[in-house]
Amino acid sequence: MGDTGGRGGAGNRGGGVGRGGSGDSGVTDVTEVTDVTTEGTLSGRFFDAAIRLLERVRDEEAEPVRAAGGLLADTVASGGRLFAFGAGHSSLAAQDIVYRAGGLALMNLLAAPGLVGVDVMPATLGSALERVEGLASTVLACSPLRAGDALVIISLSGRNALPVEMAMRARELGIRLIGVTSVAYATETSPRHASGTFLKDHCDIVLDSKIAVGDAELTLDTVPAPFAPASTVVTSALLQAVMATAAGDLADRGIEPPLLRSGNVDGGLAWNDEVFEKYGERIFYRR
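What you see is a predicted model, and the numbers here were worked out from it, not measured in a lab.

Colleague: Account for the pattern of salt bridges, with residues named and values stated.
Modeller: Taken as a whole and assessed by the stated rule, the structure comprises 14 salt bridges. Here Glu-60 ties to Arg-56 by a salt bridge, and the two come within 3.2 Å at their closest N and O atoms. Remark: Arg-56 and Glu-60 occur in helix 1 (residues 42-60); sequence separation between them is four residues, near one turn of the helix. You can call Arg-56 partly exposed: its relative accessible area is 39%.

Colleague: Please provide a residue-by-residue account of helix 8 (residues 231-252), values included.
Modeller: Compared with the 32 Å implied by 1.5 Å per residue over 22 residues, the 31 Å span of helix 8 between its first and last C-alpha is a close match. The first or second residue beyond helix 8 is Gly-254, which carries a positive phi of 85°.

Colleague: I'd like to hear about the sheet that holds strand 4 (residues 176-181), residue by residue, with values.
Modeller: What the five strands build is an open sheet, ordered 2-1-3-4-5; its pairing is parallel. The outermost strands of the open sheet, each flanked by one partner alone, are strand 2 (107-109) and strand 5 (205-208). Averaged over all pairs of adjacent strands, the angle between strand axes in this sheet comes to 20°, irrespective of strand direction. Relative to strand 5, helix 2 (residues 62-77) is tilted by about 135°, and along the sheet it contacts strand 1 (82-86), strand 2, strand 3 (150-154), strand 4 and strand 5.

Colleague: Tell me about a nonpolar patch on the surface, and please be specific about residues and values.
Modeller: Residues Leu-42, Leu-220 and Val-223 make up a contiguous nonpolar surface patch of roughly 190 Å² in combined accessible area. Relative to the helices and strands, Leu-42 resides in helix 1.

Colleague: Which residues make up empty space enclosed by the protein, and what values do they have?
Modeller: By rolling a water-sized probe across the atoms, one finds the places where empty space is left. In this structure the tally under the stated criterion is one cavity of 30 Å³ or more. Looking at the largest cavity, its volume works out to about 30 Å³. Lining of the largest cavity is provided by Ser-157, Gly-158, Thr-181, Ser-182, Val-183, Ala-186, Phe-198, Leu-199 and Lys-200. Among the residues making up the lining of the largest cavity, the classes are represented as four nonpolar, four polar and one charged.

Conventions and cut-offs
- Residues numbered from 1 in each chain as written.
- Predicted model: local features only at pLDDT ≥ 70, side-chain atom pairs only at ≥ 80, totals over all residues.
- Heavy atoms only, no water.
- Salt bridge = Lys/Arg side-chain N within 4 Å of Asp/Glu carboxyl O.
- Helix = DSSP H or I, 4+ residues; strand = E, 2+ residues; numbered from the N terminus.
- Buried < 20%, exposed > 50% of the residue type's maximum accessible area, 1.4 Å probe, protein only.
- Expected span 1.5 Å × (residues − 1).
- Pairing = 2+ DSSP bridges.
- Axes fitted to C-alpha atoms, helices over the stretch in contact; angles between N-to-C directions.
- Contact = heavy atoms within 4.5 Å.
- Patch = residues over 30% accessible without salt bridge, like charges linked within 9 Å, V, L, I, M, F, W, Y side chains within 5 Å.
- Areas by Shrake-Rupley, 256 points an atom, 1.4 Å probe, with all protein chains shown as cover.
- 1 Å grid on protein atoms, 1.4 Å probe; cavity = no way out; pocket = protein on both sides within 12 Å on 5 of 7 lines; lining within 4 Å.
- Points joined across faces, edges and corners; volume = space filled by probe spheres on them.
- Nonpolar A, V, L, I, M, F, W, Y, C, P; charged D, E, K, R; others polar.

Honestly, it's all geometry; don't read function into it.
Here's what the structure looks like:
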């Protein structure tokens, strides 16, 4: 589980190399320090691109984030369960909100063999499975999802059969849907599901990651293809913003959010055991 311990590294926050070495405020460091800068470098360009995207989704997706947080809070308050699904690299963002220190304990991972990250060999098999029609209906039929639950479906392109069919079938079952995708794919690529639709067309709420088609932020004259994907950074940030909003929404209603704590802080394990005991019927990753 994600560990919130260790923030700030060795106690040196936000400084260049050697800045604030002793950590004592008011002590003048007479040693000459040369700041390390990434300006103009590829690493700096990537950070700049990622920061611009994060600022853009913060500003432009504020209302969908609020609505998504409210949907999750509604589900928790009404006794429903929470699930997240993503195939391939989209699974990374889904996993980041499951069994997570500082996250909602009720978020479960909807998984199937070959669809979680790159857990099969060859890895290309996972990509091929995303294009198989009928697979999503089988995954849902074998899952504990039921009417009144909430499902977050993550798919950068939102064009493959798996996420589209999963959203369509889930809606038929009475499951509330949050889609996390790049809406640009719906206008710049063709759909791969027989319905001619994209993930965004079947969700109650859509979060647009703003990622450009191709998911590569950098180019270089000497490199024949664009590179440096930022979709995982942005999608994970979007989802953590939704989880934070849901926790605050629950608190505003007078409901204590079922949050997990890091197992590496004193009292964390005991805290989590109490949460697991209280909400065990809605938590599936411990079974």
